[in-house]
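The chain contents come next:
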Amino acid sequence: MAHLRPARPGDVAAIHSLVRELAAYERLTDMLVATEDDLRDALFGPQPVIECLLAEISEEVVGYALFFHNYSTFLGRRGLYLEDVYVKPSARGHGLGQALLHALARLAVQRNCGRFEWTVLDWNRPAIDFYEAQGADVLPEWRVVRMTGEALQRFAASVPKHQLLG
């Protein structure tokens, strides 16, 4: 029997394993540096910054949705941002991906969020088709802008002293 539940501290290893599977599927394993300790702290540390719903079949964790709140200055309300949603290939076809999205949509409504959003890789046609079938819009005019690693370090260090505040 399949069901959803919030993650608990004892689930961190299972979540991290699913994150590794997602990274492999998305061909991004070279970018995965997060450890179980990082995940544990982000979920259950003194200042949690993420939340996670798990999908289980017969008490085995087979999927997850990791999310957090962001804020829209245009809407004047917070939003719910889905960082990851993943269901093991062997567990697909049971409606778990759709159930995770429904649960998060209900949570966004309960929390009075102005929107529920996430990103999808442009080559991932099965995911795009799935999201569109759920009623989501894939916004072609928006692009993710990201600065990481050495580029982030260089940019942060390059700010002229007279421009620093405080």
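Before any of the text, the structure's been laid out above.
Now for a description of the structure that goes with this document. From a predicted model like this one, the values you see are computed outputs, not experimental measurements.

**Digging into the pairing of strand β2 (residues 51-57)**
Within a regular strand, the side chains alternate between the two sheet faces. Counting buried positions along β2 gives five out of seven residues, so the element sits mostly inside the fold. Bridge count between β2 and strand β3 (residues 60-72): seven bridges; the pairing is antiparallel. Paired with Ile 57 across the strands is Glu 60, a residue of β3. Connecting the antiparallel pair β2 and β3 is a turn made up of two residues, with Ser 58 showing a positive phi of about 50 degrees.

**Observations regarding the nonpolar core**
In terms of nonpolar packing, the biggest core is built from 19 residues, with Leu 53, Phe 67, Leu 80, Leu 96, Leu 100 and Leu 104 touching the most fellow members. Mapped onto this core, the elements with two or more residues apiece are β2, β3, β4 (77-87), α3 (96-110) and α4 (125-133). Leave out the neighbours within four places in its chain, and Leu 80 touches Phe 67, Phe 68, His 69, Asn 70, Leu 104, Leu 107, Ala 108, Arg 111, Cys 113, Arg 115, Phe 116 and Glu 117. Counting residues in hydrophobic clusters, the runner-up holds 16 residues, among them Ile 15, Leu 22, Leu 39 and Ala 42.

**Details of the pattern of salt bridges**
Under the definition given, this model contains eight salt bridges. The partner of Asp 37 in a salt bridge is Arg 40, with the nearest N and O atoms 2.8 Å apart. A residue pair is termed a helical-turn pair when its members lie 3 or 4 positions apart in one helix, as Asp 37 and Arg 40 do in helix α2 (residues 36-44) at three residues. Residue classification places Asp 37 among the exposed residues on the basis of a relative accessible area of 57%.

**Notes on unusual backbone geometry**
Although it is not a glycine, Arg 27 sits at a positive phi angle of roughly 60 degrees. Note on placement: Arg 27 falls in the loop between α1 (12-25) and α2. Overall, the relative accessible area of 60% leaves Arg 27 in the exposed class. For Glu 59, which is not a glycine, the phi torsion comes out positive at approximately 65 degrees.

**Comments concerning the packing of α1 against α2**
Each packed pair of helices is defined by two parameters, the angle between the axes and the distance between the axes. For the pair α1 and α2, interaxial distance at closest approach is 9 Å and the crossing angle is 115 degrees. Relative to α2, the crossing made by α1 is right-handed. Here α1 contributes Val 12, Ala 13, Ile 15 and His 16 to the contact with α2, which in turn contributes Glu 36, Leu 39, Arg 40, Leu 43 and Phe 44.

**Observations regarding the pairing of β4**
Taken together, the 10 bridges between β3 and β4 define a ladder with antiparallel strand orientation. What sits directly across from Phe 67, in β4, is Leu 82. From the end of β3 to the start of β4, which pair antiparallel, there are four residues, and Gly 76 there has a positive phi angle of about 70 degrees. Pairing analysis gives three bridges linking β4 to strand β5 (residues 116-118), with the strands arranged parallel. Directly across from Leu 82, in β5, lies its bridge partner Trp 118. Since β4 and β5 lie parallel, the crossover through α3 that links them has a hand, and here it is right-handed.

Conventions used here
Residues numbered from 1 in each chain as written. Predicted model: local features only at pLDDT ≥ 70, side-chain atom pairs only at ≥ 80, totals over all residues. Heavy atoms only, no water. Buried < 20%, exposed > 50% of the residue type's maximum accessible area, 1.4 Å probe, protein only. Helix = DSSP H or I, 4+ residues; strand = E, 2+ residues; numbered from the N terminus. Pairing = 2+ DSSP bridges. Core = buried A, V, L, I, M, F, W, Y, C linked by side-chain atoms within 4.5 Å. Contact = heavy atoms within 4.5 Å. Salt bridge = Lys/Arg side-chain N within 4 Å of Asp/Glu carboxyl O. Axes fitted to C-alpha atoms, helices over the stretch in contact; angles between N-to-C directions. Left-handed = near helix turned anticlockwise from the far one by under 90°. Right-handed = clockwise from strand over helix to strand, strands pointing away.

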